[in-house]
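Listed below are the residues making up each chain.
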Amino acid sequence: MSIVTVQLGQCGNQIGHEVFSALCSDIRGTHGLCSKKENESYQDSCKERFFCEEESGVPAARAVLVDMEPKVISQTLSMAARSGHWKYSSHSHFCQKQGSGNNWANGYSVHGPKHKEAIMDLVQKEAEKCDRLGGFFTIMSMAGGTGSGLGAFVTQCLRDAFPTSFILNHVIWPYGTGEVIVQNYNSILTLSHLYHSSDALLVHENDVIHKICAQLMNIKQISFRDVNQVIAHQLGSVFQPTHTAGGGSGYSRNPLGDLLEPLVPHPEFRMLGLRNIPQMAESSLAYSTFSWPGLIKHLRQILIANAHMEEGIDWRVQPPHPGSSIPSTNKPLHFNTSIANLVILRGKDVHSADLGSFQDPSLYTSWLNPQDAFNAWKTPRAFNKYEKSASLVSNSQFLLKPLDSIVGKAWNMFASKAYLHQYTKFGIQEEDFLDCFTTLEQVISSYTNL
């Protein structure tokens, strides 16, 4: 099944480009470390998911590019074409001249309705090119105007036009120190609207990825491109083909459905976090060896201690003992409770890896059967230069703190009516803000009480 990617705004288009580049360099790599037959079926499956063959022989990304200013899209199109290995279709982008001025209301209330027909027309054409449409993957940031406001509007349009398709929104959480003065407003408006129309939100925090670039990749002067490449690597580690548990010998047919059905068992809980190990500078790879027990032990501790990467994990955090009825307020040492987890293993001897430690009932909330709460996907084919790698997609309390913080900051601004006039002039009223706060306070309360 194929996935149509919708790249929205500057951030969405730049990350989208890195994602397709990472997928393409992975399938072209000879480092698969698996049988020729396995490698070929992996390549075919990836191509069917993300690319369609054009007459020129160069695969074209199944993507629609949307931005309210032309610069980033024209850079993205030409960078892809120059690579010679893949490209974007010539008629799959929409841009305007004026931008959204970092204003969510401008993107949502003005540009959205005005350009709805043209944008949805491109999406429809891309969807029709798929033999079987698996769903939509949107990439957007929450801080600005186009990705966030227009992104929320387009997601609603997708939900109306394709009521039975899966929609996964990939959302970039802004730097805490802030790029945009009204980013907290833009963020809560985006999150609360997506919560109503998306199947799940897969979140990357800029601050966390920045730390990975500095501490694990040893990059001295970190650019947006460095950050985007780490994000693209992590997304590729989830979306490249794998064998699902009950899927027999072939690669999983419906990547979005296989991902979302087990991870989002209840509509109140739609926030997914992603962790991937190992990550390191290429120069260090030659000197590193990894074992499955070591990777799995680290990944499990990252989960329960809510760590962001394998450096600086707090090993003192342990799950509560079964049977001890501790009220959730004094949980041992900030233990991170999960609703559902998916672990994806790629590489050599993958079938010898034992994931029993992730099936421990004390990791999960009590209202779901632990057998249903944990899933694993595996493939012997290595991913992107790493002989063995492990990823975790988790519906847990990973995002509770950042969510609570961003809602708190937005509320403080709202209480003093700061900058509200910039939104009311585009028709977003105080009641709309209050609805957003209500939605997100409910999400915070649900995750807190796990």
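Residues numbered from 1 in each chain as written. Predicted model: local features only at pLDDT ≥ 70, side-chain atom pairs only at ≥ 80, totals over all residues. Heavy atoms only, no water.

As annotated in an unreviewed UniProt entry, the chain carries the name Tubulin delta chain and is attributed to Hippolais icterina. Annotation of the chain in UniProt includes, under Cofactor (unreviewed entry), the sentence "Mg(2+)". Per UniProt, the comment on the chain under Sequence similarities (unreviewed entry) is "Belongs to the tubulin family." (UniProt positions renumbered as here; feature names shortened; annotations may be inferred.)

Undergrad: Requested: an account of the overall build of the chain, with residues and values cited.
TA: If you tally the helices and strands in the chain, you get 15 helices and 14 strands. By the compact-globule yardstick of 22 Å for 450 residues, the chain fits well, its C-alpha radius of gyration being 21 Å. Its C-alpha atoms give the chain principal-axis dimensions of about 60 × 60 × 45 Å. Burial status across the chain gives 58% buried among its 450 residues. Looking at the chain alone, contacts between residues at least 24 apart form 81% of all its contacts between residues at least 6 apart. (Helix = DSSP H or I, 4+ residues; strand = E, 2+ residues; numbered from the N terminus. Rg over C-alpha atoms; globule rule 2.2 N^0.38 Å. Buried < 20%, exposed > 50% of the residue type's maximum accessible area, 1.4 Å probe, protein only. Contact = heavy atoms within 4.5 Å.)

Undergrad: How would you explain the sheet that holds strand E3 (residues 60–61) if you had to name every residue and give the values?
TA: Pairing within the open sheet is mixed, and its three strands lie in the order E2-E3-E5. Every interior strand has two partners, whereas the edge strands, strand E2 (51–52) and strand E5 (87–88), have only one. Bridging between E2 and E3 involves two bridges; their strand directions are antiparallel. Considered in E3, the bridge of Cys 52 is made with Ala 60. (Pairing = 2+ DSSP bridges.)

Undergrad: Report on the domain arrangement of the chain, specifying residues and quantitative values.
TA: When cut into domains, the chain gives domain 1 (2–271), domain 2 (282–324 + 331–399) and domain 3 (401–449). On a C-alpha basis, the centroid separation for the pair domain 1 and domain 2 is 24 Å. Where domain 1 abuts domain 2, roughly 3300 Å² becomes buried across the two surfaces, and 63% of that area is made up of carbon and sulfur atoms. Where domain 1 touches domain 2, the interface holds one salt bridge. Its salt-bridge partner being Asp 26, residue Arg 381 comes within 3.2 Å of it at the nearest N-O pair. One can count 11 residue pairs in polar contact (both at pLDDT 80 or more) joining domain 1 with domain 2. Within the residue set of the side of domain 1 that touches domain 2, elements represented by two or more residues are helix H1 (9–28), helix H2 (36–50), strand E9 (200–205), helix H7 (206–216), helix H8 (224–239), strand E10 (243–244) and helix H9 (255–263). Here the residues of the side of domain 1 that touches domain 2 are counted per class, giving 23 nonpolar, 14 polar and five charged. (Domains from an automatic or database assignment. Buried area = accessible area lost by both parts, 1.4 Å probe. Salt bridge = Lys/Arg side-chain N within 4 Å of Asp/Glu carboxyl O. Polar contact = N/O pair within 3.5 Å; in protein donor to acceptor, adjacent residues only side chain to side chain. Nonpolar A, V, L, I, M, F, W, Y, C, P; charged D, E, K, R; others polar.)

Undergrad: Go over the nonpolar core with me, naming the residues and quoting the values.
TA: Ranked by internal contacts, the top residues of the largest apolar core, which has 148 residues, are Phe 239, Leu 259, Phe 358, Val 393 and Phe 433. Leave out the neighbours within four places in its chain, and Phe 239 touches Ile 3, Arg 49, Phe 50, Phe 137, Leu 168, Leu 256, Leu 259 and Arg 346. (Core = buried A, V, L, I, M, F, W, Y, C linked by side-chain atoms within 4.5 Å.)

Undergrad: Just give me the short version of the packing of H1 against H2, but keep the residues and values in it.
TA: Any two packed helices are characterised by how steeply their axes cross, that is the angle between the axes, and by the distance between the axes. At a minimum axis separation of 10 Å, H1 and H2 run at an interaxial angle of 160 degrees. With respect to each other, H1 and H2 are oriented roughly antiparallel. Read as a crossing pair, H1 and H2 show a hand that is left-handed. Contacts between H1 and H2 involve Phe 20, Leu 23, Asp 26 and Ile 27 from the former and Tyr 42, Gln 43, Cys 46, Lys 47 and Phe 50 from the latter. Across the contact of H1 with H2, the residue classes tally to six nonpolar, one polar and two charged. (Axes fitted to C-alpha atoms, helices over the stretch in contact; angles between N-to-C directions. Parallel < 35°, antiparallel > 145°, perpendicular 65-115°, else oblique. Left-handed = near helix turned anticlockwise from the far one by under 90°.)

Undergrad: Kindly report on H7, identifying the contributing residues and their values.
TA: Buried residues of H7: Asn 206, Val 208, Ile 209, Ile 212, Cys 213 and Leu 216, and no others. Remark: Asn 218 follows H7 within two positions and exhibits a positive phi of approximately 55 degrees.

Undergrad: Which residues make up the sheet that holds strand E8 (residues 166–173), and what values do they have?
TA: Strand pairs in the sheet, formed through backbone hydrogen bonds, run parallel or antiparallel to each other. Here 11 strands make up an open sheet; going across it, the order is E6-E4-E1-E7-E8-E9-E11-E14-E12-E13-E10 and the pairing mixed. Strand pairing shows two members of the sheet lacking a second neighbour, strand E6 (93–95) and E10, which therefore form its edges. Packing of helix H5 (residues 146–161) onto the sheet brings it into contact with strand E1 (2–8), strand E4 (63–67), strand E7 (133–141) and E8, and relative to E7 it is tilted by some 160 degrees. Here helix H11 (residues 292–304) sits on the sheet in contact with strand E11 (271–277), strand E12 (338–347) and strand E14 (388–396), set at roughly 20 degrees to E14.

Undergrad: Can you lay out the side chain of Gln 234 for me, pointing to particular residues and giving the numbers?
TA: Structurally, Gln 234 is set in helix H8. In terms of polar contacts, Gln 234 uses its side chain to reach the side chain of Gln 279, at 3.2 Å. Here Gln 234 is in contact with His 204, Ile 209, Ile 212, Leu 274, Asn 276 and Gln 279, once residues within four sequence places are set aside.

Undergrad: Tell me what's going on with the environment of Cys 436, and back it up with residues and numbers.
TA: Turning to its location among the elements, Cys 436 is positioned in helix H15 (residues 430–448). Classification of Cys 436 as buried rests on a relative accessible area of 3%. Taking the C-alpha atoms as reference points, Cys 436 and Tyr 195, separated by 241 residues in sequence, lie 10.0 Å from one another. With near-sequence residues (within four places) excluded, Cys 436 lies in contact with Ile 188, Leu 189, Ser 192 and His 193.

Undergrad: Report on the environment of Phe 383, specifying residues and quantitative values.
TA: The residue Phe 383 is located in the loop between strand E13 (374–379) and E14 in this model. A relative accessible area of 1% means that Phe 383 is categorised as buried. Along the primary structure Phe 383 and Ile 27 are separated by 356 residues, whereas in three dimensions their C-alpha atoms are 8.8 Å apart.

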